[in-house]
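# Descriptive analysis of the structure
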Amino acid sequence: MKKSSNSLPADMYLFDSPKTLQNPLLQHREVRSDSHPSTPGKAKMERNNHFGDVQSRSYNFFFVLCVSLFILMAGAYMLRSEGPSVEKKFIVRESESSIPDIWRSQAWQKSVRESCHVKREDGLVVLVTGAAGFVGSHVSLALKKRGDGVVGLDNFNNYYDPQLKRDRQKLLDRHGIFIIEGDINDAVLLKELFDMIPFTHVMHLAAQAGVRYALQNPHSYVHSNIAGLVTLLEQCRRANPQPAFVWASSSSVYGLNTKVPFAESDRTDQPASLYAATKKAGEEFVHTYNHIYGLSITGLRFFTVYGPFGRPDMAYFSFTQNILSGKPVTIYQGPNKVDLARDFTFIDDIVKGCVAALDTSEKSTGTGGKKRGPAQLRTFNLGNTSPVTVPTLVNILEKHLKVKAQKNFVKMPRNGDVPFTHANVTLARTELGYNPTTDLNTGLKKFVKCPTLEPSA
Ligand SMILES: NC(=O)c1ccc[n+]([C@@H]2O[C@H](COP(=O)([O-])OP(=O)(O)OC[C@H]3O[C@@H](n4cnc5c(N)ncnc54)[C@H](O)[C@@H]3O)[C@@H](O)[C@H]2O)c1
């Protein structure tokens, strides 16, 4: 795997239009030139006072100048805080006339159709969003291997090294899975795709992941986890047949909850990070689409997923790279030097949970946007049920890598991380037959053999 570049990701943004920014100024001028005073009789006095008129005009000018300067400075600050290398794109395809030629090409359509070809009786036809991602690539492979039709959708953003996503794409391609390069906000692309393929299921895994990056680039979370989710749900509710919708929420929705282990019925109204807030918002959005349109919905709250072809932004991955290259690892500690703990869950267990969620999904009840009856709505924790502290994680890595780590203990900054996570998976066990079997020691042993790993520079 190639090194991650230091440049900030080219995520997409939803900005206020320049018109919106100008509006306050325009409104201000209108108000000042309004000849209808709120207090009757006052106008004459003001008009007759020449000095007052000049003074008021100079106030006007001064006010407009100040507001303009403020807007310019605020704009400059926003651009600076997002980083100089952030690429700004708008994925708003207005009409079918803007459809790129490639989608009309027979080769592209053939790739999509072949990828969706079902090779077993009653097989599923699944659109996997985020298919070039960590979880998406593993789930796509598992479905394809058992004979389901699978096509992927991913925008290959550079939140982390896109080369890793390209490597996963190559792997999927070798197994006959085509990944469409596109954004879940692209409603025209989604319509084109759903017109071509009657998907039985959508496995929605595309998202802006990571808790800490939200401090740098909050808009990328809104773009993918909120706006993108709604665009996708809009397409699903309009589709005929409507697919069943299975999607990744996160254990982070438990936020500041202190009751352990976390159960699905626990409170989720205290998110500790913007990432968690967007996932919680997603849970509310899907509820609405279930209620109004009869979409069958299953939300999966993943607990710290790790494994081969994993995400370089996650601690187990970056720790491994640092240990291999002789760099220190930074280990955060909570108040009173309490070690942080995570319910690390191996990718194979998560994949089984995802596939079981797809298999047990009931059909959506709506057609073409109209609800015909109540539809299934479920939420499950997918965790490992045995939290491990971060220092223990490092000890296990040292053992498998046969290299001693340089440990640097640091007080946890206020960046949205929570001190611990711990899943109660009783519900998933009962309804999905979910049964996590890989402990952290076994899972990390498999991870360190992964060909994508190389020391960080
Ligand atoms: N890995 C974990 O520990 C974990 C834990 C909890 C929840 N989750 C959730 O599971 C899902 C999968 O996570 P992952 O670890 O595989 O992350 P990932 O970043 O590896 O995969 C997400 C993929 O989605 C793509 N993507 C992002 N925004 C997109 C957009 N607007 N349009 C199209 N594609 C887009 C990215 O390019 C990426 O390939 C995410 O929803 C994540 O929030 C993951």
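Residues numbered from 1 in each chain as written. Predicted model: local features only at pLDDT ≥ 70, side-chain atom pairs only at ≥ 80, totals over all residues.

### Considerations on the overall build of the chain
A tally of helices and strands in the chain yields 15 helices and 13 strands. Of the contacts made within the chain by residues no fewer than 6 positions apart, 83% connect residues no fewer than 24 positions apart. (Helix = DSSP H or I, 4+ residues; strand = E, 2+ residues; numbered from the N terminus. Contact = placed C-beta atoms within 7 Å.)

### Quick notes on the sheet that holds strand 6 (residues 297-302)
Overall, parallel pairing links the 7 strands, which are arranged 3-2-1-4-5-6-11 in an open sheet. In this open sheet, the two edge strands, each paired with only one partner strand, are strand 3 (178-181) and strand 11 (377-382). Going from strand to strand, the sheet's axes swing by 20° on average, the running direction of each strand aside. Where strand 1 (residues 125-129) meets strand 4 (residues 201-204), 4 bridges bridge the pair, whose relative direction is parallel. Counterpart to Thr129 in the pairing with strand 4 is His204. The strands touched by helix 10 (residues 274-293) within the sheet are strand 5 (244-250), strand 6 and strand 11, with strand 5 carrying the most contacts at an inclination of about 160°. (Pairing = 2+ DSSP bridges. Axes fitted to C-alpha atoms, helices over the stretch in contact; angles between N-to-C directions.)

### Some details on the site of the ligand
As a matter of local geometry, the ligand sits amid 28 residues, with Gly130, Gly133, Phe134, Ala207 and Ala248 nearest to it. Among the elements that take part in the shell around the ligand, helix 6 (residues 134-145) stands out by supplying 3 residues, more than any other. In the shell around the ligand, the residues fall into 13 nonpolar, 11 polar and 4 charged. (Near = placed C-beta within 6 Å. Nonpolar A, V, L, I, M, F, W, Y, C, P; charged D, E, K, R; others polar.)

### Quick look at the packing of helix 13 (residues 390-401) against helix 15 (residues 440-448)
Helix 15 packs onto helix 13 with a crossing angle of 50° between their chain directions and a minimal axis gap of 10 Å. Taken together, the axis directions place helix 13 and helix 15 in an arrangement best described as oblique. Where helix 13 crosses over helix 15, the two elements pack in a sense that is right-handed. Where helix 13 abuts helix 15, its residues Leu393, Ile396, Leu397, His400 and Leu401 lie against Leu440, Asn441, Leu444, Lys445 and Val448. (Parallel < 35°, antiparallel > 145°, perpendicular 65-115°, else oblique. Left-handed = near helix turned anticlockwise from the far one by under 90°.)

### Overview of the packing of helix 11 (residues 315-324) against helix 13
It is the contact of helix 11 with helix 13, at a shortest axis distance of 10 Å, that shows an interaxial angle of 45°. It follows that helix 11 is oblique to helix 13 by the angle criterion. Here the hand of the crossing between helix 11 and helix 13 comes out right-handed. For the pair formed by helix 11 and helix 13, the contact residues are Ala315, Tyr316, Phe319, Thr320, Ile323 and Leu324 on the first element and Val390, Leu393, Val394, Leu397, Glu398 and Leu401 on the second.

### Some details on the nonpolar core
One finds Val126, Met203, Val246, Cys354 and Leu382 to be the most contacted residues of the largest nonpolar core, which totals 106 residues. The greatest single-element share of this core, amounting to 8 residues, is contributed by helix 12 (residues 347-359). Once you skip the residues sitting within four places of it in the chain, Val246 turns out to touch His201, Met203, Thr298, Leu300, Cys354, Ala357, Leu358 and Ser361. (Core = buried A, V, L, I, M, F, W, Y, C linked by C-beta atoms within 7 Å. Buried ≥ 20, exposed ≤ 12 C-beta atoms within 10 Å, placed from the backbone.)

### Topic: unusual backbone geometry
Keep in mind that most residues, glycine aside, have a negative phi and that most peptide bonds are trans. With omega at 10°, the peptide bond leading from Asn240 into Pro241 counts as cis. For Pro241, the location among the structural elements is in the loop between helix 9 (218-238) and strand 5. Across the junction of Val260 and Pro261, the peptide omega takes the value -10°, indicating a cis bond. If you trace the backbone, Pro261 turns up in the loop between strand 5 and helix 10. The phi torsion at Lys337 lies on the positive side, around 60°, for a residue other than glycine.

### A word on the environment of Ala341
Locating Ala341 in the fold gives a position in strand 9 (residues 341-342). Residues contacting Ala341, with those up to four places away along its chain left out, are Pro387, Val388, Thr389 and Phe420.

### Brief notes about helix 10
In this model helix 10 runs 28 Å from its N-terminal to its C-terminal C-alpha over 20 residues, within 8% of the 28 Å that 1.5 Å per residue would give. Among the residues of helix 10, those classed as buried are Leu274, Tyr275, Ala276, Ala277, Thr278, Lys279, Lys280, Gly282, Val286, Tyr289, Asn290 and Tyr293. Each element contacted by the buried residues of helix 10 is listed here: helix 9, strand 5, strand 6 and strand 11. One or two steps after helix 10, the chain reaches Gly294, where phi turns positive at roughly 75°. (Expected span 1.5 Å × (residues − 1).)

### Overview of the confidence of the model for the chain
On average, the chain scores 83 in pLDDT, and the residues at 70 or more come to 78%. In the model, residues 1-59 has pLDDT below 50 throughout and makes 58 contacts with residues more than four positions away in sequence or in other chains. Counted against residues more than four places away or in other chains, residues 69-88, with its pLDDT under 50, gives 10 contacts. (pLDDT = per-residue confidence, 0-100.)

### Topic: the environment of Ile226
Looking at where Ile226 falls in the secondary structure, it is placed in helix 9. Put simply, Ile226 and Phe285 are 59 residues apart on the chain and 8.5 Å apart in space, counted from C-alpha to C-alpha. If we ignore the near neighbours within four places in the chain, the residues touching Ile226 are Thr278 and Ala281.

### Concerning the environment of Thr379
Its location among the elements puts Thr379 in strand 11. Overall, the presence of 19 C-beta atoms within 10 Å leaves Thr379 in the partly exposed class. Distance in space between the C-alpha atoms of Thr379 and Val246 is 9.7 Å, their sequence separation being 133 residues. When sequence neighbours within four positions are dropped, the list of residues in contact with Thr379 reads Glu264, Gly299 and Arg301.

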